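# A closer look at the structure
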Amino acid sequence: MGKRILLYCVGLFIMAMGVSFSGAADLGMSPVNSIPYVLSEIFTFLSMGTWIIIIFSLYIVIQFLILGRDLQPWRVLQLVCTTLFGYFTDFTNMLADRFLPAPETLNLSAAGIYGVRLVYLVISMALIALGILFYLAPDLISLPGEGIMQVISEKCNQPLPVVKMCFDCTVSIIALVISLVYFRQFHGIREGTVIVAIGVGKILSLYAPLKPTLHRFMYAAKAE
């Protein structure tokens, strides 16, 4: 269990690093993080990590409302991983602000700056996909975003990929509306949002050969 928890926490931290690279790219956040990002840009007295905790906690409440009498008390434990992920995101954002050059500050042409943004975005996708691999391997608690998708899928008897697509579109539209109302432009929802939504899954499939290694790390001693 200790190894599983360690791998789980490492996965959350790597995902947080990916979120920070995505923020530095400024080409749009992943759908699940889009609302916290936009709100953190508007209400700057709260960090993005804090907004992640707030919005993800709302997803937990929605799960409870949907489940009703079928409420599963263990789902409240999602608040633990939500808080951890929020703090990790604030920490990696601090590291990104300190050590990652902002593309617009580089002495490059407009095309060069956009190229740097794309590089940051690709690194972000690679990190998020690797983090997902590590975080899912121990088969512990899902983050509320995945949790609410699973609940809707089970209650509505719909395939999880369909529910995920609808959920991603819904939260992206909400973030887009908030962005347009406040900034009068696309902010936090851009082409990168679509690229990340599609690209992370593709990259995750490339990490499939790592699964046996992670499994041996977690269970080798037990098997012996």
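Not measured: the values here are computed from a predicted model. (Residues numbered from 1 in each chain as written. Predicted model: local features only at pLDDT ≥ 70, side-chain atom pairs only at ≥ 80, totals over all residues. Heavy atoms only, no water.)

## Some words on the overall build of the protein chain
To keep it simple, the criterion reads: The helix and strand labels rest on DSSP assignments: H or I over at least four residues marks a helix, E over at least two residues marks a strand, and numbering proceeds from the N terminus. Burial here depends on accessible area, computed with a 1.4 Å probe over protein chains only, as a share of the maximum for the residue type. Under 20% is buried, over 50% is exposed, and the range in between is partly exposed. Only the protein chains shown count as cover for residues, with accessible areas throughout obtained via the Shrake-Rupley method and a probe of 1.4 Å. In this tally, Lys and Arg are treated as positive and Asp and Glu as negative; His is ignored, and so are the chain termini. A charge is said to be at NZ when it belongs to Lys, at CZ for Arg, at CG for Asp and at CD for Glu.
From N to C terminus, the protein chain includes nine helices and zero strands. The linear arrangement of helices and strands in the protein chain, starting from the amino end, is α-α-α-α-α-α-α-α-α. Projected onto its principal axes, the C-alpha coordinates of the protein chain cover approximately 55 × 40 × 30 Å. Counting all 224 residues of the protein chain, 42% fall into the buried class. When the accessible surface of the protein chain is totalled, it reaches about 11900 Å², and 70% of it is carbon and sulfur. Within the protein chain, the 12 negative side-chain charges are centred at a point lying 6 Å from the centre of the 14 positive side-chain charges.

## Section: the packing of aromatic side chains
Where we set the bar: Aromatic contacts are taken between Phe, Tyr and Trp rings whose centres are within 6.5 Å, Trp giving its six-membered ring; a plane angle under 30 degrees counts as stacked, one over 60 as edge-to-face, and the others as tilted.
Scanning the entire structure with this criterion turns up 10 aromatic pairs. With 5.5 Å between their ring centres and 50° between their planes, Tyr8 and Tyr135 make a pair best called tilted. Residue Tyr8 is found in helix α1 (residues 2-25), and its partner Tyr135 is found in helix α5 (residues 110-136); the two are separated by 127 residues along the sequence. Between Phe21 and Tyr120 the ring centres are 5.9 Å apart and the planes differ by 80°, which places this aromatic pair in the edge-to-face class. Here Phe21 is found in helix α1, whereas its partner Tyr120 is found in helix α5, with 99 residues between them in sequence.

## Things to note about the packing of helix α3 (residues 48-67) against helix α6 (residues 144-156)
Quick note on the threshold: The convention used is that axes are lines fitted to C-alpha atoms, helices contributing only their stretch in contact, and that angles between N-to-C directions extend from 0 to 180 degrees. Any angle that is under 35 degrees is reported as roughly parallel, and any over 145 degrees as roughly antiparallel; angles of 65 to 115 degrees are reported as roughly perpendicular and all others as oblique. Crossing handedness: left-handed means the near helix sits turned counterclockwise from the far one by under a right angle, and right-handed means the same turn made clockwise. In this description, contact between two residues means that some pair of their heavy atoms is separated by no more than 4.5 Å.
Relative orientation of the contacting elements α3 and α6 amounts to 20°, with a least axis distance of 9 Å. Overall, the two elements α3 and α6 adopt an arrangement that is roughly parallel. Of the two possible hands of crossing, α3 and α6 adopt the one that is left-handed. Residue-level inspection shows Phe56, Tyr59, Ile60, Ile62, Gln63, Ile66 and Leu67 of α3 in contact with α6, the latter providing Pro144, Gly145, Gly147, Ile148, Val151, Ile152 and Lys155.

## Digging into α3
Here is the rule we go by: Here a helix's expected span is defined as the number of its residues, less one, multiplied by 1.5 Å.
Along its 20 residues, α3 runs 28 Å from first to last C-alpha, staying within 8% of the 28 Å computed at 1.5 Å per residue. All buried positions along α3 are accounted for by Met48, Gly49, Trp51, Ile52, Ile53, Ile55, Phe56, Tyr59, Ile60, Gln63 and Leu67. Its buried side turned inward, α3 meets α1, α2 (31-42), α4 (78-99), α6 and α7 (160-183). One or two positions beyond α3, positive phi appears at Gly68, with a value near 55°.

## Some thoughts on unusual backbone geometry
In this structure, Asn157 takes a positive phi of about 55° despite not being glycine. Of note, Asn157 is situated in the loop between α6 and α7. Overall, the relative accessible area of 67% leaves Asn157 in the exposed class. Residues other than glycine seldom take positive phi values, yet Arg184 does so here, at roughly 60°. Within the fold, Arg184 resides in the loop between α7 and α8 (191-206).

## Quick word on the nonpolar core
The cut-off we apply is this: Among buried residues, those of type Ala, Val, Leu, Ile, Met, Phe, Trp, Tyr and Cys that are joined through side-chain atoms within 4.5 Å constitute a nonpolar core.
By size, the foremost hydrophobic cluster in this structure holds 50 residues, and its most contacted members are Leu12, Met15, Ile35, Tyr59, Phe85, Leu143 and Val200. Ranked by residue count, the leading element in this core is α5, at 11 residues. For Phe85, the residues in contact, after removing those within four places along its chain, are Leu12, Met15, Ala16, Val19, Asn33, Ile52, Phe56 and Leu143.

## What to know about the environment of Asn33
In this structure, Asn33 sits in helix α2. The spatial distance from the C-alpha of Asn33 to the C-alpha of Phe13 is 15 Å, given a sequence separation of 20 residues. Not counting residues up to four positions away in its chain, the partners in contact with Asn33 are Val19, Met48, Ile52, Phe56 and Phe85.

## Topic: a nonpolar patch on the surface
How we decide: Exposure above 30% relative accessible area and the lack of any salt bridge qualify a residue for a patch; like charges then connect within 9 Å, and the nonpolar side chains Val, Leu, Ile, Met, Phe, Trp and Tyr within 5 Å. For salt bridges, the criterion is a side-chain nitrogen of Lys or Arg within 4 Å of an Asp or Glu carboxyl oxygen.
Judged by side-chain polarity, Trp74, Val76, Leu77 and Val80 come together as a nonpolar surface patch covering roughly 380 Å² of accessible area. Here Leu77 falls in the partly exposed class, since its relative accessible area comes to 41%.

Geometric values such as these leave the question of function open.
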